[in-house]
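# An overview of the molecular structure
Listed below are the residues making up each chain.
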Number of protein chains: 2
Amino acid sequence: MQAAGIDLGGTGIKAALVDRKRGILEQFSMPTEADKGLDHVLGRLAEAVEKIKSLTDEPLQGIGIGSPGVISLDRTTVSHPPNLPGWLTVDIAREMKERTGLTARVENDANLAALGSSRFGKGQDYDSFIMLTLGTGLGGGIIFNRELFRGSTGAAGELGHVIIDYNGLASNSRARGGIEAYLGQRFLSRNAAVAIHKEPDNPLYKRFHQNFEDLDPLEICLEADKGNQLAIRILQDAGEKLGYAIVNYVHILDIRTVILSGGVAKAGKWLIEPARISAIERMMPSYHEGFDIIYEKLGNSAALLGASSLAFENL
Amino acid sequence: MQAAGIDLGGTGIKAALVDRKRGILEQFSMPTEADKGLDHVLGRLAEAVEKIKSLTDEPLQGIGIGSPGVISLDRTTVSHPPNLPGWLTVDIAREMKERTGLTARVENDANLAALGSSRFGKGQDYDSFIMLTLGTGLGGGIIFNRELFRGSTGAAGELGHVIIDYNGLASNSRARGGIEAYLGQRFLSRNAAVAIHKEPDNPLYKRFHQNFEDLDPLEICLEADKGNQLAIRILQDAGEKLGYAIVNYVHILDIRTVILSGGVAKAGKWLIEPARISAIERMMPSYHEGFDIIYEKLGNSAALLGASSLAFENL
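Heads up: these notes are all about the structure in this document.

## Quick notes on the nonpolar core
- By size, the foremost hydrophobic cluster in this structure holds 116 residues, and its most contacted members are Leu132, Ile246 and Tyr249 of chain A together with Leu132, Ile246 and Tyr249 of chain B.
- If we skip the residues at most four places from it in the chain, tyrosine 249 of chain A touches Ile130, Leu132, Leu138, Leu159, Val162, Ile179 and Asp254 of chain A together with Ile252 of chain B.

Structure follows, in structure tokens:
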């Protein structure tokens, strides 16, 4: 059984031919060309599907699409996706049906990463888990009893905008002091810049003081691996904050497995161990049993695999 | 159809004969006599059930019991209830079956208040809502699609221990800066004491400066009703903090109706309006539609009614 998994972003479209048993068979990327408007982007999506069709002799079960913006409860429609000018409320399912003849469903990226992990990755081992995708921002998805927990309207799991300090740092969200302000790539790099600026002898300063925007959290991590104490401290600080947010997720949901995925998550032990320690410190003892934070290795494939699962499972 | 609803506390047992359609028909209280140990308290529970049997000619569907402590997923067993010395892990269902012949199920108080509101109170109007019980502490219960959301082990909804300031006030929980530290009766009164101490001319100072432990949040509310600006400020401050916690619940669960119940909640508009304002200020705009905070008027009956629902619905 095969399906098309697509990840629609403001700059690029990623697409994959996915086999339900074997995973991703082929994948490719193409520019979104979002500036050319709604109809053009829908045409690009249809092109991606046609290309996927051409890669296989089997019929496709359908199309799953990961998209920014607010997703409708029936997974047909996207509203106000950031970075896609001219999109207000778009019934992607209907548009794709007309353009490709296939049934399409849409879901947000972090939910698809959770679904992908549940069906193809580390998440297979857990009935319920909390997925955190660490990238430019911090996304979240909740798997409960092997299904996505979507809340009343489909918007559950906005885990990056959970407040850990109501007086704290602002991110681009309203939820000042939300964990994303401490942990998203943009914010982690910015916070790191402040700390690095105080140590002009540090290798991180030497490499990045003229252009902190180039500072990737992965670089901080590689420095930490070399024993750079400043780098270790930066990641430890971010990890501790993550632990507080995790306490909030666990106390509300009583779901005790946390799976990290995405770019910043590559900081691995430097981030995860401090998070585990601060979470345990603040978590009520009756929630400790079974608590764990693990790392999903599927990377960007998680969302594409999750997208295909929408089609395989008629979600 | 009738059932026994029981609320087991460290000092008192409340019990009610509940009719599924008409609600509470009769109710009474008796001392728990917890210091006399486990067997004695189980005997007291059985006495309460026998008394309820004597109040009706109909057969009872079963017994629902609200209890402190950690409740097992199958709702038979309680572990480590605070304020009940000698209780480690107790299979209340088996004990009650042996002593009364009836099927019993147990659940935590705040979850039962949520269930009671869903079946008999304001919650009847909502498929999904977040119940907050404000008393000595702050309890929580989550109703999703008309059922309790209980998480992986039955412990979901520990909403009082959700962190809003990781550097913040300590309550009796590990979750320093948890909302309970700002809003539970004990903590609200303590915080109020600090503010009141600075205004020796205020009526609240005159009445309570010799014994702040007598200061009930309801008193602060009554003063607020009289236009006492200090009282209004105290409640506004607590309400604002509550709003931040509510943002966390809503962003995680996408459940947009919050129902307040219990003693402190009587502060009504003085607490709810500031909570609504601060929640809206920090909540992502896409979550605003349908967001509301309302007050449950069932009071202590909510938990007894919820307890009986365990029996009516074979939960």
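## Regarding the interface of chain B and chain A
- At the junction of the two partners, chain B supplies 45 residues and chain A supplies 45 residues.
- Along the contact surface separating chain B from chain A lie zero salt bridges.
- Our enumeration of links across chain B and chain A arrives at 30 residue pairs in polar contact (both at pLDDT 80 or more).
- Sorting the residues of the side of chain B that touches chain A by element identifies β10 (138-144), α8 (229-253) and α9 (269-282) of chain B as the ones contributing at least two each.
- Here the side of chain B that touches chain A takes eight residues from α8 of chain B, the largest share from any one element.
- Of the residues contributing to the side of chain B that touches chain A, the split by class is 24 nonpolar, eleven polar and ten charged.

## Focus on the pattern of salt bridges
All names here are of chain A.
- Following the criterion strictly, the structure yields 44 salt bridges over all chains and no others.
- Taking the shortest distance from any N to any O, the salt bridge between glutamate 33 and arginine 44 comes out at 3.6 Å. In this pair, glutamate 33 is assigned in the loop between β3 (23-31) and α1 (38-54) and arginine 44 in helix α1, connecting sequence segments eleven residues apart.
- The shortest N-O distance in the salt bridge between glutamate 281 and arginine 282 comes to 3.4 Å.
- Residue classification places arginine 282 among the buried residues on the basis of a relative accessible area of 7%.

## Overview of the packing of helix α5 (residues 185-197) of chain A against helix α8 (residues 229-253) of chain A
Residue and element names in this part refer to chain A.
- Packing of α5 against α8 leaves a shortest axis separation of 10 Å and a crossing angle of 135°. The orientation of α5 with respect to α8, classified from their angle, is oblique. Taken as a pair, α5 and α8 cross one another with a handedness that is right-handed. Residue-level inspection shows Leu188, Ala192, Ala195 and Ile196 of α5 in contact with α8, the latter providing Leu230, Ile234, Leu235 and Ala238.
- Per-class residue counts for the contact of α5 with α8 are eight nonpolar, no polar and no charged.

## Thoughts on the relation of the copies chain B and chain A
- Least-squares fitting of chain B to chain A yields an RMSD of 0.0 Å, with the transformation described by 0.0 Å of translation along the axis and a rotation of 180°. Taken together, the rotation and translation relating the two chain copies correspond to the operation of a two-fold axis. Nearest to the rotation axis, the C-alpha of aspartate 165 of chain B is located 1.9 Å from it, this being the minimum over chain B.
- A share of 100% of the interface residues of chain B reappears at the interface of chain A, consistent with the copies meeting face to face through the same patch.

## Considering helix α10 (residues 301-312) of chain A
All names here are of chain A.
- Taking 1.5 Å of rise per residue, the twelve residues of α10 would be expected to cover 16 Å, and the 16 Å separating its terminal C-alpha atoms lies within 8% of that figure.
- α10 sits mainly inside the fold: eleven of its twelve residues count as buried.
- Of the residues making up α10, those classed as buried are Ala302, Ala303, Leu304, Leu305, Gly306, Ala307, Ser308, Ser309, Leu310, Ala311 and Phe312.
- Buried residues along α10 sit in contact with β1 (2-8), β2 (12-19), β3, β4 (60-67), β8 (104-108) and α3 (109-120).
- Directly beyond the C-terminal end of α10, a positive phi value near 50° is found at asparagine 314.

## Description of the sheet that holds strand β13 (residues 292-295) of chain A
Residues and elements named next belong to chain A.
- Taken in spatial order, the five strands of this open sheet run β11-β10-β9-β12-β13, and their pairing is mixed. Every interior strand has two partners, whereas the edge strands, β11 (147-148) and β13, have only one.
- Where strand β12 (residues 257-261) lies against β13, four bridges are found, and the strand directions are parallel. Paired with valine 258 across the strands is isoleucine 293, a residue of β13.
- Packing of α3 onto the sheet brings it into contact with β9 (129-134), β10 (138-144), β11 and β12, and relative to β10 it is tilted by some 45°.
- Strand contacts of α8: β9, β10, β12 and β13, with the helix running at about 150° to β9, the strand carrying the most contacts.

## Section: the pairing of strand β4 (residues 60-67) of chain B
Residues and elements named next belong to chain B.
- Summarising burial for β4: seven of the eight residues are buried, a large majority.
- Sheet analysis places strand β1 (residues 2-8) next to β4, joined by five bridges and oriented parallel. Residue isoleucine 6 lies in a different strand from β4, and its bridge partner there is isoleucine 65.
- Of the pairings in the sheet, the one linking β4 to strand β8 (residues 104-108) comprises five bridges and is parallel in character. Note on β8: the bridge partner recorded for isoleucine 63 is alanine 104.

## Some points on the pairing of strand β2 (residues 12-19) of chain B
All names here are of chain B.
- Burial analysis of β2 places six of its eight residues in the buried class, which makes it a mostly covered element.
- Taken together, β1 and the strand that follows it, β2, pair antiparallel across an intervening segment of three residues.
- Relative to strand β3 (residues 23-31), β2 is paired through eight bridges, and the arrangement is antiparallel. Pairing of alanine 15 across the sheet is with phenylalanine 28, part of β3.

## Considerations on the side chain of glutamate 296 of chain B
Residues and elements named next belong to chain B.
- Tracing the backbone through its elements, the reader meets glutamate 296 in the loop between β13 (292-295) and α10 (301-312).
- Although glutamate 296 is buried, it forms no salt bridge, and the closest oppositely charged side chain is lysine 122 at an N-O distance of 7.1 Å.
- Polar contacts involving the side chain of glutamate 296 include one to the side chain of serine 117, which spans 2.6 Å.
- Here glutamate 296 is in contact with Ser117, Gly121, Lys122, Gly123, Met131, Ile259, Leu260 and Ser261, once residues within four sequence places are set aside.

Definitions and limits used
- Residues numbered from 1 in each chain as written.
- Chains lettered and ligands numbered in written order.
- Predicted model: local features only at pLDDT ≥ 70, side-chain atom pairs only at ≥ 80, totals over all residues.
- Heavy atoms only, no water.
- Core = buried A, V, L, I, M, F, W, Y, C linked by side-chain atoms within 4.5 Å.
- Buried < 20%, exposed > 50% of the residue type's maximum accessible area, 1.4 Å probe, protein only.
- Contact = heavy atoms within 4.5 Å.
- Salt bridge = Lys/Arg side-chain N within 4 Å of Asp/Glu carboxyl O.
- Polar contact = N/O pair within 3.5 Å; in protein donor to acceptor, adjacent residues only side chain to side chain.
- Helix = DSSP H or I, 4+ residues; strand = E, 2+ residues; numbered from the N terminus.
- Nonpolar A, V, L, I, M, F, W, Y, C, P; charged D, E, K, R; others polar.
- Axes fitted to C-alpha atoms, helices over the stretch in contact; angles between N-to-C directions.
- Parallel < 35°, antiparallel > 145°, perpendicular 65-115°, else oblique.
- Left-handed = near helix turned anticlockwise from the far one by under 90°.
- Least-squares fit on C-alpha atoms with pLDDT ≥ 70 in both.
- Expected span 1.5 Å × (residues − 1).
- Pairing = 2+ DSSP bridges.
- Lys, Arg positive; Asp, Glu negative; His and termini not counted.

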